[in-house]
Amino acid sequence: MRVLKLKLFQETACYKKPFAFKTWETHPLPPYSTVIGMLHSILNAEEYISMSISVQGNYESKFTNFQSIYFYKPKEITKMPLNIHLLYNVNLIIHVRAENEILEEIVFGIKNLNEHLSLGRKEDLVRIDEVKFVEVKEIDIDELDDGRKIECPIYIPIEQLPEDVWGISYRLNWKYKVINGLRQWEKINVKYVESGEIISYDNFLQDEEGDLIYFNTPL
Amino acid sequence: MKRGLTVTIIFQANSLNYVGKIGNIIEIKKLSRNNGNTYTFASRQCLRYDIVRLGNELFNWKLGTVCKNGTIQFTKDTTIDKSEEVDLFGYMITESKSSAITRPATVRLSHAISIEPYRSDMEFLTSKGLADRIGEHPDPVNIEQHQSFYTYTVTIDLEKIGVDKKTNSDEYIVLDNKERAKRVNQLLTILKVLNRNIRGRQENLSPLFIIGGVYDIPNPFFQGRVDLLTKGGKYYINTDSIKDTLELTLFDKSIKENTYIGLVSGIFENKGEIEKILPDRVLSIEEFFKVLQNEVKRVYGV
């Protein structure tokens, strides 16, 4: 299977948690909806384009910035300074699986971008380090002597979570339908698995460069 | 067409951005890194403020008209043809029971993050002079101080400058290319002489080192890749990360041929080494901006 692999860097980023109102807390990695939003904007998409993604990456540290934020109140719009949690020096690896034609369109879109990309908020600039196609294969766990160590923190959907791997639960937004003028989100339950965990019971996907892959939607 | 301009800058300054007060200590914005050190930073919001302030002072930029209805914001008739500020930095105009009208910023800034760690330097001051006149006790205050090199990145979406959709209409406001080039070049001049007034000081944010150019692919190539090394109390630009970035190709398009460096002599010890990695394209700050501004004119065909 051939998939698209993106390597991205962000000096600072906030992937806001949906119900974090008093301080803007951030997810440790961009949720699927954020990544899909960026890909859809590269594609100039006007409706949902079917694709599946795998998100992994690391960050150096976290800090806060005190910043004015606008709020919608029932009768008015107000402004209030809030603490924004920011990740610092984020390196991301994103795998995208879709129809070949769509992957080619993403590459064309990146080549012909007319603005600097962002991921998260508009000001969270992205540096694109690599865009390439890679082959993916399934690794048979029985052929490995010591299992497979997770090198890079990654989101693993719980249906695919290897039996003895531990992680932090998140319910990530994936895509939405507008119902009565409101976005109704389809959520995906994942574990955020940090580096150092070892997979020893289940088969997994890996690309030709040796990076793990866990797609958010089943094959 | 070349669509993206990006520069990464090093400047030197004292504390630029405070969080507020904790007791009688005035704290600077800070972040910690994996190496255990603490660094200070000036937020992008404060850089934006000073860029617009100088745009108004130097080039008579019209500051977007502001009103208060619920919140303080730009008025509805603040459009990009009337205000350079909203053309470059965008706007969000909100109204109850309808979605906000927004223009994303076409110029984006990163936080200016210190390169040297913060070592808890403090400035102590009191109001003794005034207090003595009335025989009162002075109010002492501690201010965190950090004299350091800082780095930040600017990106400009050249295609989007001077183009905006009119509110509630499918029509666009499109400024002529001469005006678009003029705005970008005024912004570049501001970056060249940028300063910030803070707690009675004026800090000079004018670049001591600057790297970047105008590229086919809008990408902040040098963000996170400009760093200093210190040896024997002297400063060196880390050329390894810059060299690797210059060798990078994205879709077979070379970054090197569009990149220039500007620097102030006598600050960094390894000017010779820097000149070797980018022959003939290591310039003075003044020349760097001249080259970049001509490049901008070429992009817009003026």
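Up top is the structure these notes are about.
This is a predicted model, so every value here is computed, not measured. (Residues numbered from 1 in each chain as written. Chains lettered and ligands numbered in written order. Predicted model: local features only at pLDDT ≥ 70, side-chain atom pairs only at ≥ 80, totals over all residues. Heavy atoms only, no water.)

It is worth spelling out the sheet that holds strand E12 (residues 122–125) of chain B at this point. Residues and elements named next belong to chain B. The four strands lie next to each other as E2-E3-E13-E12, forming an open sheet whose pairing is mixed. In this open sheet, the two strands that pair with only one neighbour each are strand E2 (18–22) and E12. Neighbour to neighbour, the strand axes of the sheet diverge by 20° on average, direction disregarded. Bridge count between E2 and strand E3 (residues 25–28): four bridges; the pairing is antiparallel. Paired with Ile-22 across the two strands is Ile-25, which belongs to E3. (Pairing = 2+ DSSP bridges. Helix = DSSP H or I, 4+ residues; strand = E, 2+ residues; numbered from the N terminus. Axes fitted to C-alpha atoms, helices over the stretch in contact; angles between N-to-C directions.)

Let us look at the pattern of salt bridges. Once their charged atoms are close, side chains differing in charge can pair, the charge on each being opposite to the other. Residue and element names in this part refer to chain A. This structure, assessed with the given rule, holds 34 salt bridges over all chains. Here Arg-121 makes a salt bridge to Glu-123, at a shortest N to O gap of 3.5 Å. Residue classification places Arg-121 among the buried positions, given a relative accessible area of 12%. Overall, the relative accessible area of 22% leaves Glu-123 in the partly exposed class. (Salt bridge = Lys/Arg side-chain N within 4 Å of Asp/Glu carboxyl O. Buried < 20%, exposed > 50% of the residue type's maximum accessible area, 1.4 Å probe, protein only.)

Take the pairing of strand E11 (residues 204–207) of chain A next. Residue and element names in this part refer to chain A. By the alternation rule, side chains of E11 split into Phe-204 and Gln-206 and Leu-205 and Asp-207, which are all buried. Both strand E5 (residues 127–139) and E11 contribute to a ladder of four bridges, which runs antiparallel. Note on E11: the bridge partner recorded for Glu-138 is Leu-205. Of the pairings in the sheet, the one linking E11 to strand E12 (residues 212–213) comprises two bridges and is antiparallel in character. Opposite Leu-205, over in E12, you have Ile-213 as the bridge partner.

Opposite the 47 residues of chain B that make contact, chain A presents 41 residues. Counting the contacts that link chain B with chain A gives three salt bridges. Residue Glu60(A) is joined to Arg33(B) by a salt bridge in which the shortest nitrogen-to-oxygen separation is 2.6 Å. Run the count over chain B and chain A and you get 17 residue pairs in polar contact (both at pLDDT 80 or more). Going through the elements one at a time, strand E1 (4–13), strand E4 (30–32), helix H1 (44–59), strand E7 (71–74), strand E8 (91–95), strand E9 (98–103) and strand E14 (148–157) of chain B are the ones with two or more residues in the side of chain B that touches chain A. (Contact = heavy atoms within 4.5 Å. Polar contact = N/O pair within 3.5 Å; in protein donor to acceptor, adjacent residues only side chain to side chain.)

This paragraph deals with the nonpolar core. In this structure, Leu39(A), Ile106(A) and Phe209(B) are the most contacted members of the largest nonpolar core, which totals 65 residues. If one sorts the elements of this core by residue count, helix H1 (residues 32–42) of chain A sits on top with six residues. In this structure, Leu39(A) is in contact with Leu6(A), Met51(A), Ile53(A), Val96(A) and Ile106(A), ignoring residues within four places of it in sequence. If you look at the next biggest cluster of nonpolar residues, it comprises 41 residues, including Ile9(B), Leu54(B), Tyr152(B) and Phe288(B). (Core = buried A, V, L, I, M, F, W, Y, C linked by side-chain atoms within 4.5 Å.)

Before going further, it helps to spend a moment on helix H2 (residues 100–111) of chain A. Think of an α-helix as 3.6 residues a turn; residues three or four steps apart then line up on the same face. Residue and element names in this part refer to chain A. With twelve residues, H2 extends 17 Å between its outermost C-alpha atoms, agreeing within 8% with the 16 Å of an ideal straight helix rising 1.5 Å per residue. Within the span of H2, buried status applies to Ile-102, Leu-103, Ile-106, Val-107, Gly-109 and Ile-110. Buried residues along H2 cover an arc of 160° about the axis, so they all sit on one side. Turned more than 90 degrees from where H2 packs its buried face, Glu-101 and Phe-108 sit exposed. Where H2 is buried, its residues meet strand E1 (2–13), H1, strand E4 (77–97) and E5. (Expected span 1.5 Å × (residues − 1). Arc of directions from axis to C-beta.)

Attention now moves to the environment of Ile53(A). The topology assignment puts Ile53(A) in strand E3 (residues 52–72). Sequence separation between Ile53(A) and Tyr32(A) is 21 residues; the distance between their C-alpha atoms is 7.3 Å.

All names here are of chain B. Look at helix H4 (residues 177–193) against helix H7 (residues 285–300): their axes get within 9 Å of each other, and the N-to-C directions meet at 165°. The angle between the axes of H4 and H7 places the two elements in the roughly antiparallel class. In the packing of H4 onto H7, the handedness of the crossing is right-handed. Between H4 and H7, the contacting residues are Asn-177, Arg-180, Ala-181, Val-184, Asn-185, Leu-188, Thr-189, Leu-191 and Lys-192 on the first element and Ile-285, Glu-286, Phe-289, Leu-292, Gln-293, Val-296, Lys-297 and Tyr-300 on the second. Residue classes in the contact of H4 with H7 are distributed as nine nonpolar, four polar and four charged. (Parallel < 35°, antiparallel > 145°, perpendicular 65-115°, else oblique. Left-handed = near helix turned anticlockwise from the far one by under 90°. Nonpolar A, V, L, I, M, F, W, Y, C, P; charged D, E, K, R; others polar.)

Applying the stated criterion to the full structure yields 17 aromatic pairs over all chains. Their ring planes at 70° and their centres at 5.8 Å tell us that Phe11(B) and Tyr152(B) sit as a pair that is edge-to-face. Placement of Phe11(B) in strand E1 and of Tyr152(B) in strand E14 is noted, with a sequence separation of 141 residues between them. The residues Phe11(B) and Tyr152(B) share a single accessibility class, namely buried. Here a set of aromatic residues connected by ring pairs shows up, and it is made of Tyr32(A), Tyr48(A), Tyr155(A), Tyr170(A), Trp174(A) and Tyr192(A). Across from the ring centre of Phe133(A), 3.8 Å away, lies the NZ or CZ of Arg2(A), which sits over that ring. (Phe/Tyr/Trp six-rings, centres within 6.5 Å; stacked < 30°, edge-to-face > 60°. Lys NZ or Arg CZ within 6 Å of the ring centre and 35° of its normal.)

Residues and elements named next belong to chain A. Locating Asn-173 in the fold gives a position in strand E8 (residues 168–179). Looking at Asn-173, its side chain comes within polar contact range of the side chain of Lys-187, at 2.8 Å. For Asn-173, the residues in contact, after removing those within four places along its chain, are Pro-18, Tyr-32, Ser-33, Trp-185, Glu-186 and Lys-187.

Glancing now at the packing of H1(B) against H4(B). Each pair of packed helices can be described by the angle between their axes along with the distance between the axes. All names here are of chain B. One can describe the packing of H1 onto H4 by two numbers: an axis separation of 10 Å at closest approach and a directional angle of 110°. The pairing of H1 with H4 is recorded here as roughly perpendicular in orientation. On H4, the residues that touch Ile-51, Leu-54, Gly-55, Leu-58 and Phe-59 of H1 are Gln-186, Leu-187, Thr-189, Ile-190, Leu-191 and Val-193. In terms of residue class, the contact of H1 with H4 is made up of eight nonpolar, three polar and no charged.

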